[in-house]
Every structure is written in structure tokens, then in C-alpha cells.
Amino acid sequence: MIVRERAPEDVPACASALRAVHDADRYPTNWPQDAAGWLTPAGFATAWVALDDDGTVLGHVCVVQDVDDPVAAAVAGVAMPHLASVSRLFVAPAARGRGLGLGATLLAEVEAWSRRHGLQLMLDVVDDGAPAVQLYERLGWRLVDRRDADWVTPQGNRHQVRIYLAPGEWNRDGI
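Residues numbered from 1 in each chain as written. Predicted model: local features only at pLDDT ≥ 70, side-chain atom pairs only at ≥ 80, totals over all residues. Heavy atoms only, no water.

Draft legend 1. Just helix α1 (residues 11–25), in detail. Its 15 residues give α1 an end-to-end C-alpha distance of 20 Å, which sits within 8% of 21 Å, the value for a rise of 1.5 Å per residue. All buried positions along α1 are accounted for by Val 11, Cys 14, Ala 15, Ala 17, Leu 18, Val 21 and His 22. Around the axis of α1, the buried residues are gathered within 165 degrees of arc, so they sit on the same side. Projecting away from the buried face of α1 at angles above 90 degrees are the exposed residues Pro 12 and Ser 16. In the core, the buried residues of α1 are packed alongside α2 (35–38), β2 (44–51), β3 (57–64) and β4 (83–91). Directly after α1, the chain includes Arg 26, whose backbone phi takes a positive value near 65 degrees. (Helix = DSSP H or I, 4+ residues; strand = E, 2+ residues; numbered from the N terminus. Expected span 1.5 Å × (residues − 1). Buried < 20%, exposed > 50% of the residue type's maximum accessible area, 1.4 Å probe, protein only. Arc of directions from axis to C-beta. Contact = heavy atoms within 4.5 Å.)

Below is the structure:
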């Protein structure tokens, strides 16, 4: 397995892996009309992919800057320009349970990048996302808020989401 920064030519394979995740887990809750575009959200800074030896996409994560979350920024003690969000994190169903620790590996890449850039990481996760919640808490992410999602399900409901801050000390110098 290799983890590297995502290249533009990786996006179609990432969208295919995302489809398998959606079919298995309903993530994302609302299947996007443009899955490839969804993998590059507004504020996109960078992304990583985990690839099998044959180049198959096993996982994906990206970082979003320009996050507008005054609550998370206040709890973290940072100005909003220093806040970034983990986004579009997923591990393909075929890669799970193989002892690869892909979710943790992808998060480690994001955390290292954010430290180098002097950013405090946050993330949100659906409150019923037990495997994801377990991963974040096992890795030391700190739950700082619960709130209604700012999006609705196809049935018109709003999920509860948990807001987490990355573990460790935030370093304004990016060191």
C-alpha cells in the first residue's frame, strides 16, 4: 500500500471507490450528481489517496481551508483563518478489516500537513457513524460540540453531527 498526495488523474478512481462506500454505508448520505466534483469541495487545499499495489484506490481524504466555524475556532483558541477541516475521508469496503489502518494513516497525513501549515484541524461526523466516531476517539480527537447538520437527507431530515478537534498542541509557527 502507498499513501500519496492525490493527483488529478486519481479523481475518477476515487469517485468509483466512493460509490462503493455509498452503496455499503450511505456515505455520503446524499449521492452527489458530480461525485468527482464532490471530492474537491469549496476551500479545497489538498488531498491524499491510499492505493493498493495495483493502483486501486483504497481510501481518500482531503483538507478544506476557509472553514467558517466560530464555535470550533473559539474552543480551539484560534482565529478562523487558522482552522481547517478534514473532509471526504473514506476507506473502500474491500480494504476494511485487512489490518491496514487506512483511516488512521490518512488522518496522520492530514495532521502532519496541518502542523506544517500552522492550521488547527477539525472535523464533523454524523452522530450515528459509530466506526468513524470510534476511530476519531481512539486517535485522540476531542469532541467539542454536537449540532444539527447544515444539510438534509433525501427524506428531509437533519442528522446530528459531532464536531471534533485534532489531538495535540496547535502550533502557530507550523513547526
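Draft legend 2. Representation of helix α4 (residues 102–116) within the structure. The end-to-end C-alpha distance of α4 is 21 Å, a good match for the 21 Å that 15 residues give at a rise of 1.5 Å each. Considered for burial, the residues of α4 that qualify are Leu 102, Gly 103, Leu 106, Leu 107, Val 110, Glu 111, Trp 113 and Ser 114. The inward-facing, buried residues of α4 contact β1 (2–5), β2, β3, β4, β5 (120–126) and α5 (130–138). Directly beyond the C-terminal end of α4, a positive phi value near 65 degrees is found at Gly 118.

Draft legend 3. Region of the structure containing the sheet that holds β5. Pairing is mixed across the open sheet formed by seven strands, whose spatial order is β1-β2-β3-β4-β5-β7-β6. With partners counted over all chains shown, the strands left at the sheet margins are β1 and β6 (142–148), one partner each. Taking each pair of neighbouring strands and ignoring which way they run, the sheet shows an average axis angle of 25 degrees. Note that β1 and β2 share four bridges and pair antiparallel. Residue pairing across strands places Val 3 opposite Ala 50, the latter belonging to β2. (Pairing = 2+ DSSP bridges. Axes fitted to C-alpha atoms, helices over the stretch in contact; angles between N-to-C directions.)

Draft legend 4. Broad picture of the pattern of salt bridges. Counted according to the given criterion, the structure contains eight salt bridges. The residue Arg 96 makes a salt bridge to Asp 25 at a minimum N-O spacing of 2.5 Å. Of this pair, Arg 96 sits in the loop between β4 and α4 while Asp 25 sits in helix α1, and the two are 71 residues apart along the sequence. On the accessibility criterion, Arg 96 (35% relative accessible area) is partly exposed. Through salt bridges with shared partners, a single ionic network connects Asp 127, Glu 137, Arg 146 and Arg 162. (Salt bridge = Lys/Arg side-chain N within 4 Å of Asp/Glu carboxyl O.)

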